[in-house]
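Spelled out, the chains give:
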Amino acid sequence: MKEELDVMQERKVWHLVDLPPNIDPIGCRWVFALKKNETGEVIKGISYDDTFSPVVNFSLIRFFFAVLVVGKNWVHIQCDIKCAYLYAPLKEDVFMKQPPGFEVKG
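Here is a short report on the structure shown in this document. Everything numeric in this text was worked out from a predicted model, so none of it was measured.

Along the protein chain, the regular secondary structure elements total 2 helices and 0 strands. Taking all 106 residues of the protein chain together, 7% fall into the buried category. Here the analysis covers contacts within the protein chain between residues at least 6 apart in sequence; of these, 75% occur between residues at least 24 apart.

Among the surface-exposed residues, Val-55, Val-56, Phe-58, Leu-60, Ile-61, Phe-63, Phe-64, Phe-65, Val-67 and Trp-74 lie close enough to one another that they form a single nonpolar patch of about 950 Å² accessible area. Here Ile-61 shows up in helix α2 (residues 58-72).

What follows concerns helix α1 (residues 2-10). What α1 keeps buried is the set Leu-5, Val-7 and Met-8. Within α1, the buried residues cover an arc of 160 degrees as seen down the axis, which keeps them to one side. Facing away from the buried side of α1 by more than 90 degrees, the exposed set consists of Lys-2, Gln-9 and Glu-10. Lys-12, located one to two residues past α1, shows a positive phi value of around 55 degrees.

A probe matching the size of a water molecule, rolled over the atoms, marks out where space remains unfilled. Looking at the largest pocket, its volume works out to about 1400 Å³. Residues of the lining of the largest pocket, tallied by class, amount to 26 nonpolar, 4 polar and 12 charged.

A full pass over the atoms with the stated rule returns 1 salt bridge. With a closest N to O distance of 3.2 Å, Lys-2 and Asp-6 form a salt bridge. In this pair, Lys-2 and Asp-6 are both assigned in helix α1, 4 residues apart and thus about one turn of the helix distant.

Grouped together as the largest cluster of nonpolar side chains are 5 residues: Leu-5, Val-7, Met-8, Cys-83 and Leu-86. In this structure Leu-5 touches Trp-30, Pro-99 and Phe-102, once residues within four positions along its chain are discounted.

The next point concerns the packing of aromatic side chains. Inspection of every chain in the model, using the stated rule, returns 2 aromatic pairs. Residues Trp-30 and Phe-102 carry aromatic rings whose centres are separated by 5.9 Å and whose planes lie at 70 degrees to one another, so their mutual orientation is edge-to-face. Placement of Trp-30 in the loop between α1 and α2 and of Phe-102 in the segment after α2 is noted, with a sequence separation of 72 residues between them. Residue Trp-30 is classed as partly exposed on the basis of its relative accessible area, which comes to 24%. Overall, the relative accessible area of 29% leaves Phe-102 in the partly exposed class. With 5.6 Å between their ring centres and 65 degrees between their planes, Phe-63 and Phe-64 make a pair best called edge-to-face.

Quick notes on the rules
Residues numbered from 1 in each chain as written. Predicted model: local features only at pLDDT ≥ 70, side-chain atom pairs only at ≥ 80, totals over all residues. Heavy atoms only, no water. Helix = DSSP H or I, 4+ residues; strand = E, 2+ residues; numbered from the N terminus. Buried < 20%, exposed > 50% of the residue type's maximum accessible area, 1.4 Å probe, protein only. Contact = heavy atoms within 4.5 Å. Patch = residues over 30% accessible without salt bridge, like charges linked within 9 Å, V, L, I, M, F, W, Y side chains within 5 Å. Areas by Shrake-Rupley, 256 points an atom, 1.4 Å probe, with all protein chains shown as cover. Salt bridge = Lys/Arg side-chain N within 4 Å of Asp/Glu carboxyl O. Arc of directions from axis to C-beta. 1 Å grid on protein atoms, 1.4 Å probe; cavity = no way out; pocket = protein on both sides within 12 Å on 5 of 7 lines; lining within 4 Å. Points joined across faces, edges and corners; volume = space filled by probe spheres on them. Nonpolar A, V, L, I, M, F, W, Y, C, P; charged D, E, K, R; others polar. Core = buried A, V, L, I, M, F, W, Y, C linked by side-chain atoms within 4.5 Å. Phe/Tyr/Trp six-rings, centres within 6.5 Å; stacked < 30°, edge-to-face > 60°.

Now the structure itself:
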């Protein structure tokens with residue numbers, strides 16, 4: 001969580017402000033890939049492994065890349081851009097509550 005907030009602060013994607021009148025800020029919560037109970041043990045639930053996403057299946061994309069790399073001698077390089085969602089500019093102001101556990105007083 002701290003690493004995520006450090007990256008956001010480093011990229012200056014947000015700053016603390018006094019809430020303007022008549023603004024109801026959106027809330028936020030931490031969402032983790034591994035679900036843990038209060039003692040820190042990984043738990044399994046009914047739908048933790050099942051996901052639905054209305055986008056293309058990435059195994060199909062990997063298959064086409066494999067065909068193009070082998071059949072057409074394409075060069076394939078894979079990389080991961082950490083916190084890529086922070087690079088998208090917003091045109092509007094968004095007012096959000098501070099993340100739980102990391103509230104700055106005042």
